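Observations on the model geometry
Letter by letter, the chains look like this.
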Amino acid sequence: MKIKIQIRYNYKTKHHSAVVGEEEDSYDHVPLTHSTHTSGRKNIKLKKNPNPKSNRDSYMVRQLRNNPKDTFDREKKNWGLDPEDEAKAYEIYDKKKKTESSNS
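All residue numbers refer to positions counted from 1 along the written sequence of the respective chain. Only residues with pLDDT of 70 or above have their local features reported here, since the model is predicted, and side-chain atom pairs are shown and tallied only from 80 upward, although totals for entire chains, interfaces and linings are computed over all residues. As a rule here, side-chain values come from all non-hydrogen atoms in the structure, and water together with hydrogens is ignored.

**Considering a positive patch on the surface**
How we decide: Residues enter patches when their relative accessible area tops 30% and they take part in no salt bridge; the joining distance is 9 Å for like charges and 5 Å for the nonpolar side chains Val, Leu, Ile, Met, Phe, Trp and Tyr. Areas reported as accessible are Shrake-Rupley estimates using a 1.4 Å probe. Residue values count occlusion only from the protein chains shown. Whenever Lys or Arg places a side-chain nitrogen within 4 Å of a carboxyl oxygen from Asp or Glu, that contact is recorded as a salt bridge. In summary, the charge assignment counts Lys and Arg as positive and Asp and Glu as negative, without counting His or the chain termini. Taken as the charge centre is NZ of Lys, CZ of Arg, CG of Asp or CD of Glu, depending on the residue. Numbered from the N terminus, helices here are DSSP runs of H or I no shorter than four residues, and strands are runs of E no shorter than two.
A cluster of basic residues, R41, K42, R62 and K95, forms a positive patch on the protein surface. Of note, R41 is situated in strand β5 (residues 41-42).

**Observations concerning the packing of aromatic side chains**
Using the following cut-off: Under the pairing criterion, centres of Phe, Tyr and Trp rings, with the six-membered ring standing for Trp, must be within 6.5 Å; the plane angle then separates stacked pairs below 30 degrees from edge-to-face pairs above 60, leaving the rest tilted. Exposed residues in this analysis have more than 50% of their type's maximum accessible area, buried residues have under 20%, and partly exposed residues fall in between, with area computed by a 1.4 Å probe over protein chains only.
Under the counting rule described, the total for this entry stands at two aromatic pairs. Between the aromatic rings of Y9 and Y11, the centroid separation amounts to 5.6 Å while the plane-to-plane angle is 75°, which identifies the pairing as edge-to-face. You can call Y11 partly exposed: its relative accessible area is 45%. Summarising the aromatic geometry, the rings of Y27 and F72 are spaced 5.4 Å apart at their centres and angled 85° between planes, so their arrangement reads as edge-to-face.

**A word on the side chain of N67**
Convention followed: Counting of polar contacts relies on pairs of N or O atoms within 3.5 Å, with two restrictions inside protein: one atom must be capable of donating a hydrogen and the other of accepting it, and residues adjacent in sequence are counted only when both atoms are side-chain atoms. By definition, residues are in contact when any of their heavy atoms lie within 4.5 Å.
Along the chain, the position of N67 falls in strand β8 (residues 65-68). Residue class for N67 comes out buried when judged on its relative accessible area of 7%. Within the structure, the side chain of N67 is placed 3.2 Å from the side chain of N10, a separation counted as a polar contact. Only 2.6 Å separates the side chain of N67 from the side chain of H29, close enough to count as a polar contact. The residues touching N67, leaving out its near neighbours within four places in the chain, are N10, K12, S26, Y27, H29 and F72.

Following this line, the structure appears as structure tokens:
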């Protein structure tokens, strides 16, 4: 189920993620990084860094992932995505969920 975006630290990936969906025991999320590429694919440059204390370029991985809730820290207060970046994260979520439902 789609939710209001939360920025959380993922202990498994050792990166922050934009959590865009929630299942009973897991979160659907789009990983955030400072790298321009992940696994040979170009990442999406964010309009602004989600961390209000950093001006470093940040990127969103072009892939929706799902991890158990216990691999995430609490929501980062005062962190957030620019509305244009939120729209891109929801677009990745919607595209993946549409693909999953058509394959069922």
